[in-house]
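# Chains, contacts and geometry: an overview
These are the residues of each chain, in order.
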Amino acid sequence: MATPAPIGHDELDDVVAHLRLSIPASELHGSLCGLLASNGRPGRRSVLGALHLQAGSDSVSEHDQDALDQLARQSEHELADPELGFEPLLPADDRPLPERADALVDWCRGFLSGFGLGGPDAHGRLSDEGREILSDLGAIASSSLDFGSEEEDEDALIEVHEFVRMGAMLLFTECHIPHPSSSGTLH
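Residues numbered from 1 in each chain as written. Predicted model: local features only at pLDDT ≥ 70, side-chain atom pairs only at ≥ 80, totals over all residues. Heavy atoms only, no water.

## Some words on the packing of helix H1 (residues 9–19) against helix H2 (residues 25–37)
The geometry of H1 relative to H2 is characterised by a closest axis approach of 8 Å and an angle of 100 degrees between their N-to-C directions. As judged from the angle between their axes, H1 and H2 are roughly perpendicular. Listed contacts from H2 to His9, Leu12, Asp13 and Val16 of H1 are Ala25, Ser26, Leu28 and His29. (Axes fitted to C-alpha atoms, helices over the stretch in contact; angles between N-to-C directions. Helix = DSSP H or I, 4+ residues; strand = E, 2+ residues; numbered from the N terminus. Parallel < 35°, antiparallel > 145°, perpendicular 65-115°, else oblique. Contact = heavy atoms within 4.5 Å.)

## Overview of the nonpolar core
Judged by nonpolar contacts, the single largest core of 50 residues is most densely connected at Leu12, Leu28, Trp107, Phe111 and Phe115. Every element with two or more residues in this core is listed here: H1, H2, helix H3 (47–50), helix H4 (62–79), helix H5 (97–116), helix H7 (128–141) and helix H8 (150–176). Among the elements that line this core, the one with the most residues is H5, at eight residues. Leave out the neighbours within four places in its chain, and Leu12 touches Ile7, Ala25, Leu28, His29, Leu68, Leu71 and Leu89. (Core = buried A, V, L, I, M, F, W, Y, C linked by side-chain atoms within 4.5 Å. Buried < 20%, exposed > 50% of the residue type's maximum accessible area, 1.4 Å probe, protein only.)

## Quick notes on a negative patch on the surface
Side chains of Asp10, Glu11, Asp13, Asp14, Asp93 and Asp94 sit close together on the surface and give a patch of like negative charge. Examined against the element boundaries, Asp94 turns out to sit in the loop between H4 and H5. (Patch = residues over 30% accessible without salt bridge, like charges linked within 9 Å, V, L, I, M, F, W, Y side chains within 5 Å. Areas by Shrake-Rupley, 256 points an atom, 1.4 Å probe, with all protein chains shown as cover. Salt bridge = Lys/Arg side-chain N within 4 Å of Asp/Glu carboxyl O. Lys, Arg positive; Asp, Glu negative; His and termini not counted. Charge placed at Lys NZ, Arg CZ, Asp CG, Glu CD.)

## As for the pattern of salt bridges
In this structure the tally under the stated criterion is seven salt bridges. A salt bridge links Arg100 to Glu154; the shortest N-O distance between them is 2.7 Å. Here Arg100, found in helix H5, pairs with Glu154, found in helix H8; they are 54 residues apart in sequence, far enough to count as distant. A relative accessible area of 7% means that Arg100 is categorised as buried. Accessibility expressed as a relative area gives 23% for Glu154, which makes it partly exposed. Here the salt bridges share partners, and the residues they tie into one network are Glu27, Asp106 and Arg109.

## Some remarks on the packing of H5 against H8
Closest axis-to-axis distance for the H5/H8 pair is 11 Å, and the angle between their directions is 20 degrees. With respect to their mutual orientation, H5 and H8 come out roughly parallel. Where H5 crosses over H8, the handedness of that crossing is left-handed. Across the interface between the two elements, Leu97, Arg100, Ala101, Leu104, Trp107, Cys108, Phe111 and Phe115 of H5 pack against Glu150, Asp153, Glu154, Leu157, Val160, His161, Val164, Ala168, Leu171 and Cys175 of H8. Here the residues of the contact of H5 with H8 are counted per class, giving 13 nonpolar, one polar and four charged. (Left-handed = near helix turned anticlockwise from the far one by under 90°. Nonpolar A, V, L, I, M, F, W, Y, C, P; charged D, E, K, R; others polar.)

## Notes on the state of the cysteines
Each disulfide consists of a covalent bond between the sulfur atoms of two cysteine residues. Within this structure, the stated rule accounts for zero disulfides. No disulfide involves Cys33; its nearest neighbouring cysteine sulfur is the one of Cys108, lying 11 Å away. Since its relative accessible area comes to 0%, Cys33 is described here as buried. Taking relative accessible area as the criterion, Cys108 reaches 0% and is therefore assigned buried. (Disulfide = S-S within 2.5 Å.)

## Re the side chain of Asp153
Structurally, the position occupied by Asp153 is in helix H8. Although Asp153 lies buried, it forms no salt bridge, and the closest oppositely charged side chain, Arg100, sits 9.6 Å away as judged by the N-O distance.

## Some points on H1
Every buried residue of H1 is accounted for by His9, Leu12, Val15, Val16 and Leu19. Relative to the axis of H1, the buried residues are bounded by an arc of 120 degrees and lie together on one face. Facing away from the buried side of H1 by more than 90 degrees, the exposed set consists of Asp10 and Ala17. On its buried face, H1 is in contact with H2, H3 and H4. Looking one or two residues beyond H1, the residue adopting positive phi is Arg20, at roughly 50 degrees. (Arc of directions from axis to C-beta.)

## Regarding the packing of aromatic side chains
In the structure shown here, the tally under the stated rule is three aromatic pairs. Note on Phe86 and Trp107: the rings are 6.0 Å apart at their centroids and 50 degrees apart in plane angle, and the pair reads as tilted. Pair noted here: Phe86 is in the loop between H4 and H5 and Trp107 is in helix H5, with a separation of 21 residues, a long-range link. For Phe86, a relative accessible area of 0% translates into the label buried. Judged by its relative accessible area of 0%, Trp107 falls in the buried class. Here Trp107 and Phe111 contribute two aromatic rings whose centre-to-centre distance is 5.3 Å and whose plane-to-plane angle is 20 degrees, an arrangement assigned as stacked. (Phe/Tyr/Trp six-rings, centres within 6.5 Å; stacked < 30°, edge-to-face > 60°.)

Shown next as structure tokens:
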């Protein structure tokens, strides 16, 4: 059986439109990645159920459910990738800068929401650096962006994107390191 092509932003945007979700595609991916980073998993629940999202349509088609399930597997695999291949799902580079910047803000908002679903244990596992990254993601999520020089703004967006990308992987790694109290070793 051939491996399905990775889900991209446009494909996820189509699923969001079909389901009439109240959040954009980038925020949905951020929420899923935040949940996965906090050591949460959809498990037997649907991705939407795990994220506490309700479809605006009457039912979720098998095609859309399969796409969301594939996205969950793909995202977890990418977050754990030792080659650091994870990428937040955002509009393509040929889209207007304000659209891409807003999508990155949405992604961070979603990530924080999903990470929060992991509960207090996830936050307790974080190093000082991890807590600082989480705080910085919060600052990005609450940003209102102003644009000036196209070239400078593009460079700034690339820099913030890279911070978000690496930060998400670091948070995933920290929350997936076995907790010392659960090692089974008696002292």
